[in-house]
Every structure is written in C-alpha cells, then in structure tokens.
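So the chains spell out like this:
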Amino acid sequence: MSMTELVTIIETNGKGVRAYQDCAQTARDRVKARSEEAAAYLLLAMAAETFVDAYDDQPLLSQNAENEFLRFKNYVEQLESIEKNSDGATKLDALNRVAAAIASHK
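Residues numbered from 1 in each chain as written. Predicted model: local features only at pLDDT ≥ 70, side-chain atom pairs only at ≥ 80, totals over all residues. Heavy atoms only, no water.

Novice: An account of the packing of aromatic side chains is needed here, citing residue identities and associated values.
Specialist: Enumeration over the complete set of coordinates arrives at three aromatic pairs. Centre to centre, the rings of Tyr-20 and Phe-51 are 3.7 Å apart; their planes meet at 20 degrees, and the pair counts as stacked. Within this pair, whereas Tyr-20 is found in helix α2 (residues 17-33), its partner Phe-51 is found in helix α3 (residues 38-55), the two being separated by 31 residues in sequence. Comparing Tyr-20 with Phe-51 shows no difference in burial state: the two are buried. Taking 4.9 Å as the distance between ring centres and 45 degrees as the angle between the ring planes, the aromatic pair formed by Phe-51 and Tyr-55 counts as tilted. Here the residue Phe-51 and the residue Tyr-55 both occupy positions in helix α3, the gap between them amounting to four residues, near one helical turn. Each member of the pair, Phe-51 as well as Tyr-55, carries the same accessibility label: buried. Within the aromatic cluster, the residues linked to one another by ring pairs are Tyr-20, Phe-51, Tyr-55 and Phe-72. Positioned above the aromatic ring of Phe-69 is the side chain of Lys-15, whose terminal nitrogen or guanidinium carbon lies 4.4 Å from the ring centre. (Phe/Tyr/Trp six-rings, centres within 6.5 Å; stacked < 30°, edge-to-face > 60°. Helix = DSSP H or I, 4+ residues; strand = E, 2+ residues; numbered from the N terminus. Buried < 20%, exposed > 50% of the residue type's maximum accessible area, 1.4 Å probe, protein only. Lys NZ or Arg CZ within 6 Å of the ring centre and 35° of its normal.)

What follows is the structure, given as structure tokens:
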C-alpha cells in the first residue's frame with residue numbers, strides 16, 4: 001500500500017469527517033507496519049485528525065471540504081518521495097516541509 005491510498009480513502013468516502021477518521025486510522029496502522037515511513041504516516045495521521053477535530057461538530061461547506069482535501073493531497077504528494085527515495089536529506093526535507101505546513105495551517 002502506498003501513501004496515495006490515503007487520498008483514495010478520503011475521496012471514496014465523500015471527503016467528510018468520517019473519511020478523514022478512516023484515513024487517520026489507516027495511517028496510524030501503517031506507522032506500526034511500515035517503520036521506514038513511520039514519520040510520514042504519523043504526520044498524515046495528525047493532519048487527518050486535525051481535520052476531524054476542526055469539523056466534527058460543525059457544518060462543512062463543500063468548498064472548505066475541497067480545499068482541505070487538496071491540502072491533504074499535497075501533503076501526500078510531497079511525502080511520496082520518502083517511499084521512492086533512499087536519500088536521507090531528501091526524506092528529511094520532505095518531512096520538515098510537511099510538518100511545517102501542518103503546524104501552520106489554521
């Protein structure tokens with residue numbers, strides 16, 4: 001399974017709160033199973049959980065859902081280099097970029 005399957009989980013489940021919950025759980029499961037990419041999966045789980053925390057008890061406008069989905073998809077695209085590249089500096093750079101983006105997202 002690749003990280004892009006997390007995007008598919010969200011897409012096929014309507015890009016709503018439950019989709020992000022499923023995505024977060026899958027990412028957390030992969031933290032345990034895929035030690036080489038554990039940090040990337042943990043970041044993606046955290047991003048999905050942040051979405052759930054923000055929208056679980058509020059209405060979610062379709063444009064907000066789409067914007068959040070595109071943001072999450074961008075995180076995945078940046079972190080795919082970790083699966084495909086063995087260079088430590090490249091991996092660390094991708095992790096740092098995504099971690100900073102997640103931390104600064106409001």
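Having seen the structure, we can now continue with the description.
Novice: Give me the lowdown on unusual backbone geometry, citing residues and values where you can.
Specialist: In the Ramachandran plot, Lys-15 falls in the positive-phi region, its phi being about 60 degrees despite a non-glycine side chain. You can see Lys-15 is positioned in the loop between α1 (4-12) and α2. Among the residues examined, Lys-15 registers a relative accessible area of 19% and is labelled buried.

Novice: Which residues make up the nonpolar core, and what values go with them?
Specialist: Within the largest apolar cluster, 31 residues are counted, with the highest numbers of intra-cluster contacts made by Leu-6, Tyr-20, Leu-44, Phe-72 and Leu-79. The set of elements that each furnish at least two residues to this core consists of α1, α2, α3, α4 (62-84) and α5 (88-104). No other element matches α3, which puts ten residues into this core. In this structure, Tyr-20 is in contact with Ile-10, Lys-15, Ala-48, Phe-51, Val-52, Glu-68, Phe-69 and Phe-72, ignoring residues within four places of it in sequence. (Core = buried A, V, L, I, M, F, W, Y, C linked by side-chain atoms within 4.5 Å. Contact = heavy atoms within 4.5 Å.)

Novice: Explain the packing of α3 against α4 to me, using residue names and the numbers behind them.
Specialist: At their nearest, the axes of α3 and α4 sit 10 Å apart, and the two run at 170 degrees to each other. When the axis of α3 is compared with that of α4, the two are roughly antiparallel. In contact with Ala-40, Tyr-41, Leu-44, Ala-47, Ala-48, Phe-51 and Tyr-55 of α3, α4 contributes Asn-64, Glu-68, Phe-72, Tyr-75, Val-76, Leu-79, Ile-82 and Glu-83. Classifying every residue of the contact of α3 with α4 gives twelve nonpolar, one polar and two charged. (Axes fitted to C-alpha atoms, helices over the stretch in contact; angles between N-to-C directions. Parallel < 35°, antiparallel > 145°, perpendicular 65-115°, else oblique. Nonpolar A, V, L, I, M, F, W, Y, C, P; charged D, E, K, R; others polar.)

By themselves, these are just geometric observations and shouldn't be taken as functional.
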